[in-house]
Amino acid sequence: MGDFTAQELTAIFVMQGFSGLSLFCVFLLMALGLAIIFGQMGVINMAHGEFLTLGAYITYLVSYQASEWGATALTWYFPVAIVAAFAGTFALGYLVERFMIRYLYNRPLDTLLATWGLGLILQQVYRSTFGPREKTVTMPDWLLGSYRATDMIDIPLNGLFILVITLVLTVALFALLYRSRWGIKVRATTQNRSMANAAGINTDRVDRLTFALGCGIAGVAGAAFTTIASTGPTTGSLYIVDTFLVVVFGGAASLLGTVVSAFGIAQSQSILSFFWSGSMAKVFTLLTVVVTLMLRPQGLFASKVRR
Amino acid sequence: MNLLTPGRRPLSRSWLAGLAAVTLGASALFGPAHAAAPATDEVMTTGLAVTDDTVNVGILHSLTGTMAISETGSIQAEKLAIKQINEQGGILGRQIEYTVEDGASDWPTFAEKARKLLQGDKVATVFGCWTSASRKAVLPVFEQNNGLLYYPTFYEGLEQSKNVFYTGQEATQQILAALNWANEELGAKSFYLVGSDYIWPRTSMKIARTHIEKHLGGRVVGEDYYPLGNTQFGSLINKIKLKRPDLVFAAVVGGSNVAWFKQLKAAGMTAKRQPMLTISVTEDEVLGIGKQNVEGFYSSMKYFQSLDIPSNKEFVEAFKAEYGDDAVIGDVTESAYLGPWLWKRAVEKAGSFDVDKVVAASDNMEWKEGMPHGYTKVDPNHHLWMRTRIGQWQNDGQAKVVWESDVIEPNPFPEGY
């Protein structure tokens, strides 16, 4: 890279750092919901991507309504959309747990198949409701374009936005799990279900809310992703593989592990695809993950839990 | 329609039939008439699903799965063309009926459904397939059963079959003229090639690279492929910023395409700062990407909805009347619309639905006008002669045609590329 000035290289370094950071946020947002469901409950939710898509569609509906109401509504609808996306997916998750998942606890293979089937059903429901074509979510102006720090450096505004959402959500989740009464109940249920039951914790209720919360977070992620990617019936399938990768690599039962693994995968992906082509970067990242998991099957952070 | 040729009808009916033929022949001069169709055993000798007043055809696309997003427009166009043909009196006096099968975005399913259409339903022809993978999967089925397929998508070329007509452009038609234009009009000398990682973008970029280096005397400063479904282009955008090519030449498809344009916009890469020419964005894609994100970039296609051609105005009007004012028409949708019309003309010229005769009659059929994209000619290699156009996307989601080539001969097996 001899023919570039120091200024150019600094600019690229900064922008590249930021693009790695926003990839990290995307991975973390995708994985948080799944990490709760998979990590705390041991349920493999193959329909996670479809919950994400639901969040995206709710955002689309809100943006559509806002554009009917005019410019002011269009400027400020996004926070509303995020809340609506959370509420919608939370409710659907609650129902799914109540009528499907609860009958399948301790049967991981059956949950896997059942949730995959649910994912297919949801995809077709989206297709029948919204049509097979992708929808455009009209972005408010403050989310479009970039912040030009210097002449060379552009920081994408939607990247900053996702960064903020990820931060808020992660902190809130940690607080909820480790600083609230409800979090104690969740952790107690994870560690020893029958003991928690004996101590008077309604574990059925805890399960239901945990599952719904995980889905709600997926919904928020879906809403956030409308700023960077597509909204279509099969959008969820774009994310599901990476999501599982992050969660499994991080160690199933550890929220901290998910954060670290998302960071590692995102940075290696981002840096490698700068020097190589995108496909090769993916191959190399996957290889690293496979080798790591061969040497350390429990993932990066294993929790010491009596099963 | 060959109304006045006496047919081999049963004797007892010949009198009446003759009378009918005369009256209806007269009325055919003024309006549609399909009662006087030639007898079935004259127009079909190979056991196809043809009756005295109907002919059955197949429509084979993905109604479900990832590809449904792209194939919906094609189905709509094919149904519209069939409806219009029926309103004009059908083909050889027979109304077209269709059987729709769902390939479900799954290539083995495409092959299975193709077999069902050809062997079970005995359809006279099939309009369908979208991805090259699905076409490759059904090709042996069509060749073994001597079926007929009209395939609408622009594709990488390197294929030719007696049983397939390719109504979209092959790679050289779409790419070479576009690159020449970029070289001459934009003065582009350095190019950055970007694509999704599968056969069509890879082949297209190979052709593009050869053309740029050998014929334009330009440089390729970067070439990158991302897996289908990739949604993160941050690193790629930074690389492009660093290399500062005169033109980015892109073939990114599907959900990735949406992410690609949104992130370009977010990174401050507007069309003014970084010109880009794509071969994978039509009006259909713009719907998903968002018009605010594509404004100013270029696409190379044979067809744009905004084309100022009388037959296109009629087509757009009919399409909107059928599917609503919000409906958009992309290049492939228009290609799919051509299929039934190509087939109609060939069947009528052959006077038969038999595949061999239809194929033979198709050679060198020519439309000076009447097709929405303008001049069309069927080459004996089963591809079409047509023009290539460069459209620049406007803020209303439509393209403004900024340049138009001469009619280009299809060349699916380019030498030296």
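None of the values given here were measured: they were computed from a predicted structure.

## Structural notes on the overall build of chain A
For step 1, the next point in the chain: Each helix and strand counted, chain A has 11 helices and two strands in total.
For step 2, the next point in the chain: For chain A, the sequential pattern of α-helices and β-strands runs α-α-α-α-β-β-α-α-α-α-α-α-α.
For step 3, the next point in the chain: Over its C-alpha atoms chain A spans a radius of gyration of 20 Å, differing by no more than 12% from the 19 Å that the globule rule assigns to 307 residues.
For step 4, the next point in the chain: Overall, the C-alpha framework of chain A stretches about 70 × 55 × 35 Å when taken along its three principal axes.
For step 5, the next point in the chain: Counting all 307 residues of chain A, 49% fall into the buried class.
For step 6, the next point in the chain: Expressed as a percentage of contacts within chain A between residues at least 6 apart in sequence, the contacts between residues at least 24 apart total 77%.

## What about the interface of chain A and chain B?
For step 1, the next point in the chain: Opposite the 38 residues of chain A that make contact, chain B presents 34 residues.
For step 2, the next point in the chain: Among the secondary structure elements, those contributing two or more residues to the side of chain A that touches chain B are helix H1 (6-41), helix H4 (108-130), strand S1 (146-148), strand S2 (154-156), helix H5 (157-179), helix H9 (235-250), helix H10 (255-275) and helix H11 (278-295) of chain A.
For step 3, the next point in the chain: The dominant element in the side of chain A that touches chain B, judged by the number of residues it contributes, is H1(A), at eight residues.
For step 4, the next point in the chain: Of the residues assigned to the side of chain A that touches chain B, the class counts are 13 nonpolar, 18 polar and seven charged.

## So, the packing of H5(A) against helix H6 (residues 181-191) of chain A
Residue and element names in this part refer to chain A.
For step 1, the next point in the chain: At a minimum axis distance of 5 Å, the contact between H5 and H6 shows a crossing angle of 70 degrees. Classified by the angle between their axes, H5 and H6 sit roughly perpendicular to one another. Residues Leu176, Leu177, Tyr178 and Arg179 of H5 lie in contact with H6, whose contacting residues are Trp182, Gly183, Val186 and Arg187.
For step 2, the next point in the chain: By residue class, the composition of the contact of H5 with H6 is five nonpolar, one polar and two charged.

## Describing the pairing of strand S7 (residues 219-226) of chain B
Residues and elements named next belong to chain B.
For step 1, the next point in the chain: With seven bridges joining them, strand S6 (residues 190-196) and S7 adopt parallel strand pairing. Bridged to Ser196 within S7 is Tyr226.
For step 2, the next point in the chain: Read as a crossover between parallel neighbours, the route from S6 over helix H7 (residues 199-215) to S7 is right-handed.

## Overview of the sheet that holds S6(B)
Two pairing modes exist for strands in a sheet, parallel and antiparallel, and in both the strands are linked by backbone hydrogen bonds.
All names here are of chain B.
For step 1, the next point in the chain: The seven strands lie next to each other as S7-S6-S8-S9-S10-S14-S15, forming an open sheet whose pairing is mixed. The open sheet has two free edges, formed respectively by S7 and strand S15 (399-404), since each of these has just one partner strand. Averaged over neighbouring strand pairs, the angle between their axes works out to 25 degrees when direction is ignored.
For step 2, the next point in the chain: Across three bridges, the pairing between strand S8 (residues 247-251) and strand S9 (residues 276-278) is parallel. Its bridge partner being in S9, Val248 is matched across the sheet by Met276.

## Remarks on the UniProt feature "transmembrane region" (unreviewed entry) in chain A
Residue and element names in this part refer to chain A.
For step 1, the next point in the chain: The UniProt feature table records "transmembrane region" (unreviewed entry) at residues 12-39, 51-67, 73-96, 108-126, 155-178, 211-232, 244-266 and 273-295.
For step 2, the next point in the chain: Helix makes up 100% of residues 108-126 and strand 0%. Its end C-alpha atoms lie 27 Å apart.
For step 3, the next point in the chain: Secondary structure content for residues 244-266 is 83% helix and 0% strand, and the end C-alpha separation is 14 Å.

## Some thoughts on the nonpolar core
For step 1, the next point in the chain: Ranked by size, the top nonpolar core spans 196 residues in total, and within it A:Phe27 and A:Ala31 carry the most contacts.
For step 2, the next point in the chain: Broken down by element, the residue count for this core peaks at 20 residues, all from H1(A).
For step 3, the next point in the chain: Residues lining this core come from more than one domain, with at least three contributed by each of domain 2 (40-169 + 310-324 + 332-384) and domain 3 (171-306 + 389-404) of chain B.
For step 4, the next point in the chain: In this structure A:Phe27 touches A:Asp242, A:Val246, A:Ala262, A:Ile265 and A:Ala266, once residues within four positions along its chain are discounted.

## Things to note about helix H9 (residues 254-266) of chain B
Residues and elements named next belong to chain B.
For step 1, the next point in the chain: Between its terminal C-alpha atoms H9 stretches 19 Å, which fits the 18 Å expected from 13 residues at 1.5 Å a residue.
For step 2, the next point in the chain: The element H9 is extensively covered by neighbouring structure, given that 13 of its 13 residues are classed as buried.
For step 3, the next point in the chain: Backbone geometry just after H9 places Gly268 at a positive phi near 80 degrees.

## Re the sheet that holds strand S4 (residues 149-151) of chain B
Residue and element names in this part refer to chain B.
For step 1, the next point in the chain: A sheet is described by the order of its strands in space; here five strands give the open sequence S2-S1-S3-S4-S5, paired in parallel fashion. Of all the strands in the sheet, the pair left with one neighbour each is strand S2 (95-102) and strand S5 (164-166). The mean inter-strand angle of the sheet, taken between neighbouring strand axes irrespective of direction, is 25 degrees.
For step 2, the next point in the chain: Judged from the three bridges that link them, strand S1 (residues 54-61) and strand S3 (residues 126-128) form a sheet pairing that is parallel.

## Describing helix H3 (residues 71-99) of chain A
Residues and elements named next belong to chain A.
For step 1, the next point in the chain: Helix length check: H3 (29 residues) gives 41 Å between terminal C-alpha atoms against 42 Å at 1.5 Å per residue, within 8%.
For step 2, the next point in the chain: Buried within H3 we find Tyr77, Phe78, Ala81, Ile82, Ala85, Phe86, Gly88, Thr89, Phe90, Gly93, Val96 and Glu97.
For step 3, the next point in the chain: Packed against the buried residues of H3 are helix H2 (48-69), H4 and helix H8 (203-225).

Each value, and the rule that gives it
- Residues numbered from 1 in each chain as written.
- Chains lettered and ligands numbered in written order.
- Predicted model: local features only at pLDDT ≥ 70, side-chain atom pairs only at ≥ 80, totals over all residues.
- Helix = DSSP H or I, 4+ residues; strand = E, 2+ residues; numbered from the N terminus.
- Rg over C-alpha atoms; globule rule 2.2 N^0.38 Å.
- Buried ≥ 20, exposed ≤ 12 C-beta atoms within 10 Å, placed from the backbone.
- Contact = placed C-beta atoms within 7 Å.
- Nonpolar A, V, L, I, M, F, W, Y, C, P; charged D, E, K, R; others polar.
- Axes fitted to C-alpha atoms, helices over the stretch in contact; angles between N-to-C directions.
- Parallel < 35°, antiparallel > 145°, perpendicular 65-115°, else oblique.
- Pairing = 2+ DSSP bridges.
- Right-handed = clockwise from strand over helix to strand, strands pointing away.
- UniProt positions renumbered as here; feature names shortened; annotations may be inferred.
- Core = buried A, V, L, I, M, F, W, Y, C linked by C-beta atoms within 7 Å.
- Domains from an automatic or database assignment.
- Expected span 1.5 Å × (residues − 1).

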